[in-house]
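Architecture and fold: a report
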Amino acid sequence: RAIVRFREGEIDLLLGGTVAELPYLSIANVRDGFIRFDPVQGLFGLALSGSNPLLEEAEVRRALAMAIDRTAVVSGYSVSRWKIAEQILPQQLNLPHPPTPPDWAALPMERRRELAQDVVARWRLRHNGAPFALSVSLPKGPGMNLLFAALRTQYAQVGIELRRVEKGADLLFIDEVAPYDSVSWYLGRLSCARGVYCDPVAEDMLKDSLSAPTLEERLNLLAQAEPLMMAHGGFIPLAMPVRWSLVRRRLDGFAPSPRAIHPLNRLMQ
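Now for a look at the structure at hand. Just so it is clear, the structure is predicted and the values come from calculations on it, not from any experiment. (Residues numbered from 1 in each chain as written. Predicted model: local features only at pLDDT ≥ 70, side-chain atom pairs only at ≥ 80, totals over all residues. Heavy atoms only, no water.)

1. Focus: the environment of Arg 1
Turning to its location among the elements, Arg 1 is positioned in the segment before α1 (2–7). Using a relative accessible area of 88% as the deciding quantity, one classes Arg 1 as exposed. Through-space distance from the C-alpha of Arg 1 to that of Ala 28 is 9.9 Å; in sequence the pair is 27 residues apart. (Helix = DSSP H or I, 4+ residues; strand = E, 2+ residues; numbered from the N terminus. Buried < 20%, exposed > 50% of the residue type's maximum accessible area, 1.4 Å probe, protein only.)

2. Concerning the packing of helix α8 (residues 200–210) against helix α9 (residues 215–232)
The contact between α8 and α9 brings their axes to 9 Å, and the two run at 160 degrees. As the angle between them shows, α8 and α9 are arranged roughly antiparallel. In this structure, α8 meets α9 at a crossing whose hand is left-handed. For the pair α8 and α9, contact is made by Val 201, Ala 202, Met 205, Leu 206, Asp 208, Ser 209 and Leu 210 and by Arg 218, Leu 221, Leu 222, Gln 224, Ala 225, Leu 228 and Met 229, respectively. Taken together, the residues that form the contact of α8 with α9 break down as ten nonpolar, two polar and two charged. (Axes fitted to C-alpha atoms, helices over the stretch in contact; angles between N-to-C directions. Parallel < 35°, antiparallel > 145°, perpendicular 65-115°, else oblique. Left-handed = near helix turned anticlockwise from the far one by under 90°. Contact = heavy atoms within 4.5 Å. Nonpolar A, V, L, I, M, F, W, Y, C, P; charged D, E, K, R; others polar.)

3. Description of the packing of aromatic side chains
Within the structure shown, the criterion is met by six aromatic pairs. Aromatic pair Phe 6 and Phe 34: ring centres 5.4 Å apart, planes at 80 degrees, arrangement edge-to-face. With Phe 6 in helix α1 and Phe 34 in the loop between α2 (22–27) and β2 (35–37), the pair connects residues that are 28 residues apart, well separated along the chain. Geometrically, the ring pair formed by Phe 44 and Phe 173 is edge-to-face, given 5.1 Å between the ring centres and 90 degrees between the ring planes. Within this pair, whereas Phe 44 is found in strand β3 (residues 42–48), its partner Phe 173 is found in strand β6 (residues 171–177), the two being separated by 129 residues in sequence. Overall, Phe 44 belongs to the buried group, its relative accessible area being 3%. Judged by its relative accessible area of 16%, Phe 173 is buried. Pairwise contacts between aromatic rings join Phe 44, Tyr 77, Trp 82 and Phe 173 into one cluster. (Phe/Tyr/Trp six-rings, centres within 6.5 Å; stacked < 30°, edge-to-face > 60°.)

4. Regarding the side chain of Arg 189
Counting through the fold element by element, Arg 189 comes out in helix α7 (residues 183–189). Arg 189 sits in the buried class, given a relative accessible area of 9%.

5. Things to note about the pattern of salt bridges
Within this structure, the stated rule accounts for 14 salt bridges. Of the charged contacts in the structure, one is a salt bridge between Arg 248 and Asp 12, with a shortest N-O distance of 3.7 Å. Linking Arg 248 in the segment after β8 (244–247) with Asp 12 in the loop between α1 and β1 (13–17), this pair joins segments that are 236 residues apart in sequence. For Arg 259, the salt bridge goes to Asp 181, with nearest N and O atoms at 3.1 Å. With Arg 259 in the segment after β8 and Asp 181 in the loop between β6 and α7, the pair connects residues that are 78 residues apart, well separated along the chain. Accessibility expressed as a relative area gives 26% for Arg 259, which makes it partly exposed. Residue class for Asp 181 comes out partly exposed when judged on its relative accessible area of 46%. Connected through shared salt-bridge partners, Glu 57, Glu 59, Asp 118, Arg 122 and Arg 126 make up one network. (Salt bridge = Lys/Arg side-chain N within 4 Å of Asp/Glu carboxyl O.)

6. Re the packing of helix α3 (residues 58–66) against helix α5 (residues 109–126)
How two helices pack is summed up by the angle between their axes together with the distance between the axes. Packing of α3 against α5 brings their axes to within 9 Å, and their N-to-C directions diverge by 145 degrees. Between α3 and α5 the crossing geometry is left-handed. From α3, Glu 59, Val 60, Ala 63, Ala 65 and Met 66 reach across to α5, where they touch Met 109, Arg 112, Leu 115, Ala 116, Val 119, Arg 122, Trp 123 and Arg 126. Residue composition of the contact of α3 with α5, grouped by class: nine nonpolar, no polar and four charged.

7. Remarks on α5
Its 18 residues place the ends of α5 26 Å apart at the C-alpha level, agreeing with the 26 Å of an ideal helix rising 1.5 Å per residue. Those residues of α5 lying buried are Met 109, Arg 112, Arg 113, Ala 116, Val 119, Val 120 and Trp 123. Buried residues along α5 cover an arc of 120 degrees about the axis, so they all sit on one side. For α5, exposure combined with an orientation more than 90 degrees from the buried face picks out Glu 110 and Leu 125. Taken together, the buried residues of α5 touch α3, α4 (70–74) and α6 (142–156). Directly after α5, the chain includes Asn 128, whose backbone phi takes a positive value near 55 degrees. (Expected span 1.5 Å × (residues − 1). Arc of directions from axis to C-beta.)

See the structure below:
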């Protein structure tokens, strides 16, 4: 309703758009010149809950991450320059070393799917042909319907059955903009305390970093925890978050925000 009201000229500003509502823009025939995207970074992907014994196997978690063609996922939306993500951190930030890529990052998509399919086949063989099935929880909205359809189709190609549920899912969707540029936020958001299936050694390092006497010691602990968390695979990065607004041209003070924050008192110059 808000998008239609904007199209009809009844309102001048709409804030807080996410991937979930993106398809409404084309359905409502909103002109591209009114759509403004924020250059945000953060987490957009699937966190493993750890409640399913199937996810306890490291090779299974690895297969879940490498089986997804992220470029194909984002291409289903009309968002130019939407960046995919294969690792937790979008850039080095204040980490002493570059972000750790997954060990499968250099493999072509076809090979990644072959390896994932092999993992699924061997798991089913060990479990008397039981279905390799997982559940995912996603917000409502046509954009989330597109995401689920893409994930279900891609996982089916390697033998994984994916179903959508409202509660108690094996895979929990995270779509959050980083409130500040620090490795501590990214790693802390994916800790045991936040309900993500985590590496206990990395978790201890995160806790120790909070009481580290110096900034150097704190960053050193985070630098040790980051590759452990990547290797553990408790979070499956997909892309950067998307935040958009609809802005009438008379609001000439509106500016893109890396935090997706737009103070109303700065909308007009």
